[in-house]
Structure formats: structure tokens, C-alpha cells
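Secondary and tertiary structure notes
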Amino acid sequence: MDRSMVQEIVEKQVLTVAKAVEEKLDDELHALERLDLDDLEVLRERRLKQMKKMSEKRSRWISLGHGEYSEIPTEKEFFSVVKASDRVVCHFYRDNWPCKVMDKHLSILAKQHIETRFVKIHAEKSPYLAEKLRIVVLPTLALVKNAKVEDYVVGFDELGHTDDFSTEELEERLAKAEVIIFEGESSKLKSKAPSKSVRQSANPDSSDSE
């Protein structure tokens with residue numbers, strides 16, 4: 001067998017091997033592409049399910065009165081509200097300036113935090129609740145989670161002892177109690193002292209006693 005024939009056979013074998021390797025690489029690339037597409041489809045379906053679930057939650061929240069700051073006319077309705085929603089901020093108020101200041105901020109937060117129900121109830125017309133929850137200073141916010149009052153914001157003591165506090169300051173205080181979902185700077189929350197359930201009298205210049 002002359003050298004030209006040997007060279008031709010070798011070239012054919014090399015081409016055959018190269019073709020086989022190329023076909024194998026093509027198959028692997030197609031498999032990878034297919035895997036990526038499958039992964040993307042799985043992620044897409046998961047995302048769609050999450051969006052659907054969130055949409056259903058939002059619809060339910062809106063049907064329960066979330067997204068608005070509303071008044072509870074009776075003590076009986078208070079119990080219905082806290083049982084229906086996982087997170088509730090209830091403002092015990094009377095017709096005075098400090099309570100009107102609190103109303104302004106709660107009206108804003110109700111629209112921003114649809115995950116939480118924001119309501120108010122007239123303390124003097126709710127003697128049973130006021131006594132049971134030991135409401136003395138007005139305004140007082142009862143922070144309710146899973147039908148239990150977990151914390152209180154009493155007067156303006158934790159808001160700088162002034163009626164000139166910002167909505168963001170109140171938002172951060174509510175976030176500490178985990179009664180709203182807060183997406184702001186976490187460092188702001190950590191830099192302040194931990195909150196406590198306060199029931200003593202607040203600064204007389206910034207709030208009123210019942």
C-alpha cells in the first residue's frame with residue numbers, strides 16, 4: 001500500500017472522527033439549549049403562579065377594606081376586622097389635634113401598605129375595648145397580628161415627642177412591630193432602640209389622655 005493511499009485512509013478516519021465529535025457536540029449543545037428552555041419555562045410558570053397568588057391576595061385584601069383608612073363604628077366590628085385580616089393597625093382616637101395628626105399619616109400608609117388593614121375607632125364610644133386594652137393616652141395605635149394585640153404606639157413618645165414627625169418615622173415604628181412589610185433602609189430600623197409595649201402617659205404637649 002503506497003503512502004498516498006495510507007494518507008487518504010487516515011484523512012477519511014480523521015474526518016469521520018471529527019464528524020462524530022461534531023455531531024456529539026451538536027447534540028450536547030441542543031441538549032443544553034433545551035435544558036435552558038425548560039428551566040426558563042419552569043421559572044416562567046413559577047413566576048406566573050406567584051403573580052396569580054399575589055393578585056388573589058390583593059383582591060382579597062381590597063374586599064376586606066385594605067388600601068383605605070376607615071372608621072369602625074362599633075366595638076363588635078373591631079373583633080370582626082381583626083379576625084378577618086392578619087395585620088391590623090387600629091387607631092383609638094378622640095376629636096383632638098394629636099389624633100387628627102395621626103389620621104393624616106395613617107391615611108397615607110393605608111394606601112402604601114395594602115397588606116395591612118388600617119382602621120380607627122372612637123375611644124370614648126368604645127368603653128369595653130378601651131378598658132380591656134388599657135387605652136389611656138390618645139392617640140394610641142393597637143398593632144394587631146393574627147387577631148392578637150402584639151404592641152402599642154402610645155401618643156408621640158416614640159415619634160420624637162412631637163406632632164411634627166414624618167410618615168416615614170411612623171412607618172418604621174410599625175415595621176419594627178412587623179405589622180407592615182417594610183422595604184426601606186434596614187439600617188434605619190437597626191439604628192433605633194427596640195420598641196416596647198408602652199401604656200403609660202405620653203408627653204402632655206403631644207397627646208391627650210382619655
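Each value, and the rule that gives it
Think of each chain on its own: its residues are numbered from 1, step by step along the sequence as written. The predicted nature of this model means local features are confined to residues of pLDDT at least 70 and side-chain atom pairs, given and counted, to a pLDDT of 80 or more, with totals for whole chains, interfaces and linings taken over all residues. Remark: hydrogens and water are excluded; side-chain values derive from all non-hydrogen atoms of the structure. Note on exposure labels: buried denotes an accessible area under 20% of the residue type's maximum, exposed denotes more than 50%, and partly exposed covers the range between, all computed with a 1.4 Å probe on protein chains only. Only DSSP runs of H or I reaching four residues or more are called helices, and only runs of E reaching two or more are called strands; each is numbered from the N terminus. By the convention used here, strands pair only if DSSP detects at least 2 bridges between them. Residue count minus one, scaled by 1.5 Å, sets the expected span of a helix. Any two residues having at least one pair of non-hydrogen atoms within 4.5 Å are treated as being in contact. By the criterion applied in these results, polar contacts are pairs of N or O atoms within 3.5 Å in which, for protein atoms, one can donate a hydrogen and the other can accept it, and in which residues neighboring in sequence qualify only through two side-chain atoms. For every element, the axis is a line fit to its C-alpha atoms; helices are fit only across the contacting stretch, and the angle between N-to-C directions ranges from 0 to 180 degrees. Convention used here: angles under 35 degrees read as roughly parallel, angles over 145 as roughly antiparallel, angles from 65 to 115 as roughly perpendicular, and any remaining angle as oblique. By the definition used in this description, the sense in which the near helix is turned from the far one sets the handedness, with an anticlockwise turn below a right angle giving left-handed and a clockwise turn giving right-handed. Classes in brief: Ala, Val, Leu, Ile, Met, Phe, Trp, Tyr, Cys and Pro nonpolar; Asp, Glu, Lys and Arg charged; the others, Gly included, polar. Nonpolar cores were defined as sets of buried Ala, Val, Leu, Ile, Met, Phe, Trp, Tyr and Cys residues, with membership established by side-chain atoms within 4.5 Å. The working definition used for a salt bridge is a side-chain nitrogen of Lys or Arg within 4 Å of a carboxyl oxygen of Asp or Glu.

Under the annotation held in an unreviewed UniProt entry, the protein carries the name Thioredoxin domain-containing protein 9-like protein and is attributed to Nicotiana attenuata.

Right, let's get into the pairing of strand β5 (residues 140–145). Most of β5 is tucked away, with 5 of its 6 residues classed as buried. As defined by bridge partners, strand β2 (residues 87–93) adjoins β5 across 6 bridges and the pair is classed as antiparallel. From the neighbouring strand, Cys 90 faces β5, where its bridge partner is Ala 142. Where β5 meets strand β6 (residues 148–154), 6 bridges bridge the pair, whose relative direction is antiparallel. Within β6, the position partnered with Val 144 by the bridge is Val 149. Where β5 hands over to β6, the hairpin turn is made up of 2 residues, of which Asn 146 adopts a positive phi near 55 degrees.

Its 16 residues give helix α3 (residues 97–112) an end-to-end C-alpha distance of 24 Å, which sits within 8% of 22 Å, the value for a rise of 1.5 Å per residue. By the burial criterion, the buried members of α3 are Pro 98, Cys 99, Val 101, Met 102, Asp 103, His 105, Leu 106, Leu 109 and Ala 110. Lining the buried residues of α3 we find β1 (69–71), β2, β3 (117–122), β4 (137–138), β5 and α5 (167–176). The backbone nitrogen of Cys 99 has a side-chain oxygen 2.9 Å away, supplied by the residue at the start of α3, namely Asn 96.

Another point: the packing of α3 against α5. Think of two packed helices as two axes; the pair is described by the angle between the axes and how far apart they sit. In the contact formed by α3 and α5, the axes pass within 10 Å of each other and the chain directions differ by 65 degrees. Of the possible angle classes, the one that applies to α3 and α5 is roughly perpendicular. The handedness of the crossing between α3 and α5 is right-handed. In this structure, α3 contributes Met 102, His 105, Leu 106, Ile 108, Leu 109 and Gln 112 to the contact, and α5 contributes Thr 167, Leu 170, Glu 171 and Leu 174. The residue makeup of the contact of α3 with α5, split by class, is 6 nonpolar, 3 polar and 1 charged.

Moving on to the side chain of Lys 120. Within the secondary structure, Lys 120 is located in strand β3. Setting aside residues up to four positions removed in sequence, Lys 120 forms contacts with Tyr 69, Ser 70, Glu 71, Ile 72, His 91, Tyr 93 and Asp 103.

Cis rather than trans, the peptide bond between Leu 138 and Pro 139 has omega equal to 5 degrees. Within the secondary structure layout, Pro 139 lies in the loop between β4 and β5. Although it is not a glycine, His 161 adopts a positive phi angle of roughly 60 degrees. Among the secondary structure elements, His 161 is positioned in the loop between β6 and α5. On the basis of relative accessible area, His 161 is assigned to the partly exposed category, the value being 46%.

Bringing the nonpolar core into the picture now. Core analysis: the biggest nonpolar cluster contains 22 residues, and Phe 78, Cys 90, Phe 92, Leu 133 and Ile 135 have the highest contact counts within it. A total of 4 residues in this core trace back to one element, the largest contributor, which is β2. Those residues in contact with Phe 92 that sit more than four places away from it in its chain are Ile 121, Ala 123, Leu 129, Leu 133, Ile 135, Leu 138, Pro 139, Thr 140 and Ala 142. Grouped together as the second largest cluster of nonpolar side chains are 20 residues, Leu 109, Val 153, Leu 159 and Ala 175 included.

Before going further, it helps to spend a moment on the pattern of salt bridges. Within the structure shown, the criterion is met by 5 salt bridges. A salt bridge links Glu 178 to Lys 145; the shortest N-O distance between them is 3.5 Å. Residue Glu 178 is found in the loop between α5 and α6 (186–191), and its partner Lys 145 is found in strand β5; the two are separated by 33 residues along the sequence. Owing to a relative accessible area of 54%, Glu 178 belongs among the exposed residues under this scheme. Linking Glu 158 and Arg 173 is a salt bridge whose minimum nitrogen-to-oxygen distance equals 2.7 Å. Here the residue Glu 158 occupies a position in the loop between β6 and α5, and Arg 173 occupies one in helix α5, the gap between them amounting to 15 residues. Several salt bridges share partner residues, and in doing so they unite Asp 151, Glu 158 and Arg 173 into one network.

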